Amino acid sequence: MTDGSCSALLLFGATGDLARRMLLPSLYALHEDDLIRSGLRIVGTARSEIDDEGFRVMAKAALDEFLPPDRKDDAKLKSFLQRLSYQALDASTIDGFDDLAKKVGDTTKGMSIFLSTAPFLFEPTIEGLRHSGLAHEKVRIGLEKPLGEDLDSSAVINDAVGSAFSEDRIFRIDHYLGKETVQNLMALRFANMMFEPLWNAHGIDHVQITISETVGLEGRKGFYDDTGALRDMVQNHMLQLVALTAMEPPAEFDATSIRDEKVKVLRALRPVKAEEMVRGQYGAGAVKGASVASYADDLGEPSGTETFVALRAHIDNWRWQGVPFYLRTGKRMAERRSEIVIQFKEVPHNIFAKRGAKLRANRLVIRLQPEEYVRLQVMAKEPSLDREGILLREVPLDLSLTQAFAKARRRIAYERLLLDLIEGEQTLFVRRDEVEAQWRWVDAIRKVWREEDIDTKSYAAGTWGPNAGIALTERDGRSWND
Ligand code: BG6
């Protein structure tokens, strides 16, 4: 699918952390596999006053550090570095943009821009691009978060971008959508007959979504403390997982059909009540056997920011009436894990009851990372002559994606997203109406926090969060899949 492929890629923030860890390694991987056309030039820009050679040296160092060993091929590395050039730019003023345009050269065959920048630079950057002729109709733009801090500020950014780029040329990135297992959720639901008939309030008791991390602040003090777990993880990644889990079957696998269905779910999210939300902040503790400091110590001062959040969400439509979606995410938790758990209802009548057998309702676990599997817990009879009653036990029907597709290369999310951006394929990018529905719901939660003074509860680092987070499910007679 290379029809829409462009001839230049312009990377803002080219010397930053995201570029070094993710973007350059991803672009190299696409280059190594001959997935990007040979004529595609990659132009980096940032404030640092370096030249082409300086950028190549920086890129080489980043690739040495972040590429897996089996990816390193000297000849390919050399040819990749040849694609790179660099233009220093202070994006806060319009002055440097003409030089940037000169450096980028001919864009009549199309260009993709990847914009990963501090929020206050969004507007001047768009203005500079427009002024220097770098926003014409063959140019598309990828936007990395944070895109605002609430609905109003995100609307300002979206308006600014929208004044220069039409929606079909705007690619809002949520890197969770680039993850193979997240896309697999759609395959599981819509390429199999067996799940969909039960995928509703008749068949499902509740849904749980967990994104837990063991890392703490990771050198992002200022950003994280201003943002907190709700806006860092729930507003985007978590709600995209909710939308993909809950949406109606789209008619086609294309950008419009899928995003139309997702946005309906996001708009149907019911406002969360005070008793359905828990904020937490990690205290000192131990993660994977090593002691770690508290959030306040990591930060260097006391703070009211949450590093953990748990919510009980509801989707007000026919399919999901009465089915809670329990969501939780946090830093410095017991393990790194992203998963969606579908808890089915119990069978209507237990025919084994008089023979002593207890039943457990089926549970489907979709593990997104670090392992990748789909596991369905089903009841099975334990082999025996049953003289003391029938013994039934829960056993897993396992689909390990890692094993089933052992030969397929595992790609990081940005490989997929950069390739789609270069080729102009929008399905895995977030549309403006989705982002706004996400913010509307999250802003309402923050309003309740403010009005009802909902403070953070402390949890020891290396645990599953504050007790109140556990109580959120327990008091409904349910439990987290720990
Ligand atoms: C980012 C958040 O969007 O996602 C980080 O800003 C978080 O705080 C990261 O660590 C998690 O991504 P992944 O792919 O490691 O689950």
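Residues numbered from 1 in each chain as written. Predicted model: local features only at pLDDT ≥ 70, side-chain atom pairs only at ≥ 80, totals over all residues. Heavy atoms only, no water.

## Here we look at the sheet that holds strand 14 (residues 363-369)
What holds strands together in a sheet is hydrogen bonding between their backbones, with the strands either parallel or antiparallel.
Thinking step 1. Taken in spatial order, the nine strands of this open sheet run 16-15-14-13-7-12-11-8-17, and their pairing is mixed. Looking at strand neighbours, the two that pair on one side only are strand 16 (392-400) and strand 17 (457-460), the edges of this open sheet. Direction aside, the axes of adjacent strands within the sheet are offset by 20° on average.
Thinking step 2. Here strand 8 (residues 277-283) pairs with strand 17 via four bridges, running parallel. Within the sheet, the bridge partner assigned to Tyr 282 lies in strand 17 and is Tyr 459.
Thinking step 3. Helix-sheet contacts for helix 7 (residues 180-190) involve strand 13 (337-344), strand 14 and strand 15 (373-381), and the interaxial angle to strand 14 is about 150°.
Thinking step 4. Helix-sheet contacts for helix 8 (residues 221-246) involve strand 7 (204-212), strand 11 (308-313), strand 12 (325-330), strand 13 and strand 14, and the interaxial angle to strand 12 is about 145°. (Pairing = 2+ DSSP bridges. Helix = DSSP H or I, 4+ residues; strand = E, 2+ residues; numbered from the N terminus. Axes fitted to C-alpha atoms, helices over the stretch in contact; angles between N-to-C directions. Contact = heavy atoms within 4.5 Å.)

## What about the packing of helix 8 against helix 9 (residues 255-267)?
Thinking step 1. Viewed as axis vectors pointing N to C, helix 8 and helix 9 meet at an angle of 110°, and their least axial separation amounts to 9 Å. Classified by the interaxial angle, the pair formed by helix 8 and helix 9 is roughly perpendicular. In this structure, helix 8 meets helix 9 at a crossing whose hand is right-handed. Residues Leu 239, Gln 240, Val 242, Ala 243, Leu 244 and Ala 246 of helix 8 form the contact with helix 9, whose participating residues are Lys 262, Val 265 and Leu 266.
Thinking step 2. Of the residues in the contact of helix 8 with helix 9, the class split is seven nonpolar, one polar and one charged. (Parallel < 35°, antiparallel > 145°, perpendicular 65-115°, else oblique. Left-handed = near helix turned anticlockwise from the far one by under 90°. Nonpolar A, V, L, I, M, F, W, Y, C, P; charged D, E, K, R; others polar.)

## Re the environment of Lys 288
Thinking step 1. Among the structural elements, Lys 288 can be located in the loop between strand 9 (285-287) and strand 10 (290-292).
Thinking step 2. Along the chain, Lys 288 and Arg 363 lie 75 residues apart, while their C-alpha atoms are 28 Å from each other.

## Let's talk about the site of the ligand
Thinking step 1. Every residue close to the ligand is listed here: Lys 145, His 175, Tyr 176, Lys 179, Glu 213, Arg 220, Asp 232, Met 233, His 237, Lys 331, Arg 336 and Gln 369.
Thinking step 2. A distance of 2.5 Å separates an oxygen atom of the ligand from a polar atom in the side chain of Glu 213.
Thinking step 3. Here Lys 331 contributes a side-chain N or O atom positioned 2.7 Å from an oxygen atom of the ligand.
Thinking step 4. Summarising the interface, the protein chains cover 82% of the accessible area of the ligand, which totals 400 Å² for the free molecule.
Thinking step 5. In terms of residue class, the shell around the ligand is built from two nonpolar, three polar and seven charged. (Near = heavy atom within 4 Å. Polar contact = N/O pair within 3.5 Å; in protein donor to acceptor, adjacent residues only side chain to side chain. Areas by Shrake-Rupley, 256 points an atom, 1.4 Å probe, with all protein chains shown as cover.)

## Quick look at the environment of Gly 13
Thinking step 1. Positionally, Gly 13 belongs in the loop between strand 1 (8-12) and helix 1 (17-32).
Thinking step 2. A relative accessible area of 25% places Gly 13 in the partly exposed class.
Thinking step 3. The spacing of Gly 13 and Ala 444 is 431 residues in sequence and 32 Å in space, taken between C-alpha atoms.
Thinking step 4. Apart from the residues lying within four places of it in its own chain, the contact partners of Gly 13 are Ala 19, Thr 45 and Ser 116. (Buried < 20%, exposed > 50% of the residue type's maximum accessible area, 1.4 Å probe, protein only.)

## As for the side chain of Arg 332
Thinking step 1. Mapping Arg 332 onto the fold places it in the loop between strand 12 and strand 13.
Thinking step 2. For the buried residue Arg 332, which engages in no salt bridge, the nearest side chain bearing the opposite charge is Asp 298, 4.2 Å off.
Thinking step 3. In this structure Arg 332 touches Glu 213, Thr 214, Val 215, Gly 216, Tyr 282, Val 287, Val 292, Asp 298, Tyr 459, Ala 461, Gly 462 and Thr 463, once residues within four positions along its chain are discounted. (Lys, Arg positive; Asp, Glu negative; His and termini not counted. Salt bridge = Lys/Arg side-chain N within 4 Å of Asp/Glu carboxyl O.)

## Digging into the packing of aromatic side chains
Thinking step 1. Taken as a whole and assessed by the stated rule, the structure comprises ten aromatic pairs.
Thinking step 2. Ring centres of Tyr 326 and Trp 480 lie 6.1 Å apart, and the angle between their planes is 70°; this geometry places the pair in the edge-to-face category. A residue pair is termed long-range when its members are at least 10 positions apart, and Tyr 326 in strand 12 and Trp 480 in the segment after helix 14 (467-474) qualify at 154 residues. Summarising the burial analysis for this pair, Tyr 326 and Trp 480 share the class buried.
Thinking step 3. By way of ring pairs, the aromatic residues Tyr 224, Tyr 282, Tyr 295, Phe 308 and Tyr 459 are connected into one cluster.
Thinking step 4. One Lys or Arg, Arg 332, reaches over the ring of Tyr 282 and ends 5.9 Å from the middle of that ring. (Phe/Tyr/Trp six-rings, centres within 6.5 Å; stacked < 30°, edge-to-face > 60°. Lys NZ or Arg CZ within 6 Å of the ring centre and 35° of its normal.)

## Here we look at the packing of helix 7 against helix 8
Thinking step 1. At a minimum axis separation of 9 Å, helix 7 and helix 8 run at an interaxial angle of 15°. By the angle between their axes, helix 7 is roughly parallel relative to helix 8. Relative to helix 8, helix 7 is oriented so that their crossing is right-handed. Residues Val 182, Leu 185, Met 186 and Arg 189 of helix 7 pack against Leu 241, Leu 244, Thr 245 and Ala 246 of helix 8.
Thinking step 2. Here the residues of the contact of helix 7 with helix 8 sort into six nonpolar, one polar and one charged.

## What about the pattern of salt bridges?
Thinking step 1. For the structure on display, the rule yields 48 salt bridges.
Thinking step 2. Glu 213 is the partner of Lys 331 in a salt bridge, and the nearest nitrogen-oxygen pair spans 2.8 Å. One end of the pair, Lys 331, is in the loop between strand 12 and strand 13; the other, Glu 213, is in the loop between strand 7 and helix 8, and 118 residues separate them in sequence.
Thinking step 3. Two residues, Arg 431 and Asp 433, come together in a salt bridge whose shortest N-O distance is 3.0 Å.
Thinking step 4. Judged by its relative accessible area of 12%, Arg 431 falls in the buried class.
Thinking step 5. Each of Glu 32, Asp 33, Arg 71, Arg 411 and Glu 415 takes part in a single network of salt bridges with overlapping partners.

## A short note on the layout of surface pockets
Thinking step 1. The volume enclosed by the second largest pocket comes to roughly 430 Å³.
Thinking step 2. Forming the boundary of the second largest pocket are 24 residues, of which Pro 146, Leu 147, Gly 148, Glu 149 and Trp 439 lie nearest the centre.
Thinking step 3. For the lining of the second largest pocket, the elements supplying multiple residues, two or more each, are helix 6 (151-164), helix 8 and helix 13 (432-451).
Thinking step 4. The dominant element in the lining of the second largest pocket, judged by the number of residues it contributes, is helix 8, at eight residues.
Thinking step 5. For the lining of the second largest pocket, the residue count by class is nine nonpolar, seven polar and eight charged. (1 Å grid on protein atoms, 1.4 Å probe; cavity = no way out; pocket = protein on both sides within 12 Å on 5 of 7 lines; lining within 4 Å. Points joined across faces, edges and corners; volume = space filled by probe spheres on them.)

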